[in-house]
Amino acid sequence: LTLGGVNTALYTGEPTYVPTSGDKYWQIEFQNMTFFDKQFAPNTTAAIVDSGTSLVLSDPDTVRAFYDKVYGSKEIEGRPGMYSGAFRCVSVETI
């Protein structure tokens, strides 16, 4: 965890800075999403960026389109809009 800075050993390229569009949250506007090599255009163009959670909050079609691209995910039976599964993670040597 790096507070107040970045750890350049953990990524390549340059950070992309995006202006916020909401007054209360880290809300941003966007046109499309890319998940690894899969790109799709969601029904909504607003998102709240929160690196402290794994939740995705949006309209049902956008959430479904997002999780359709997550290996091992599936909608929880009887809980529309809630997904679970064995998600494949990138190997991390140390934390």
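Coordinates for the structure precede this section.
Here's a quick rundown of the structure. All values derive from a computational prediction rather than experimental measurement. (Residues numbered from 1 in each chain as written. Predicted model: local features only at pLDDT ≥ 70, side-chain atom pairs only at ≥ 80, totals over all residues. Heavy atoms only, no water.)

Section: the overall build of the chain
Note the threshold: Strands are runs of DSSP state E lasting at least two residues, helices are runs of H or I lasting at least four, and both sets are numbered from the N terminus onward. Any residue under 20% of the maximum accessible area for its type is buried, any over 50% is exposed, and the rest in between are partly exposed; the area is computed with a 1.4 Å probe on protein chains only. In this description, accessible areas are obtained by the Shrake-Rupley approach with a 1.4 Å probe, and a residue is regarded as covered only by the protein chains that are shown.
For the chain, the count of helices and strands is 1 helix and 6 strands. From first element to last, N terminus to C terminus, the chain shows the α and β order β-β-β-β-α-β-β. Counting the 95 residues in the chain, one finds 13% classified as buried. For the chain, the exposed surface amounts to about 8,400 Å²; the carbon and sulfur share of it is 54%.

Some remarks on the environment of Ser 58
The criterion, for reference: Here, two residues are considered to be in contact whenever any of their heavy atoms come within 4.5 Å of each other.
Counting through the fold element by element, Ser 58 comes out in the loop between strand E4 (46–48) and helix H1 (60–68). Note on Ser 58: relative accessible area 26%, which makes it partly exposed. As a C-alpha pair, Ser 58 and Asn 43 span 15 residues in sequence and 8.7 Å in three-dimensional space. Each residue touching Ser 58, except ones within four places of it in the same chain, is listed here: Thr 44 and Val 63.

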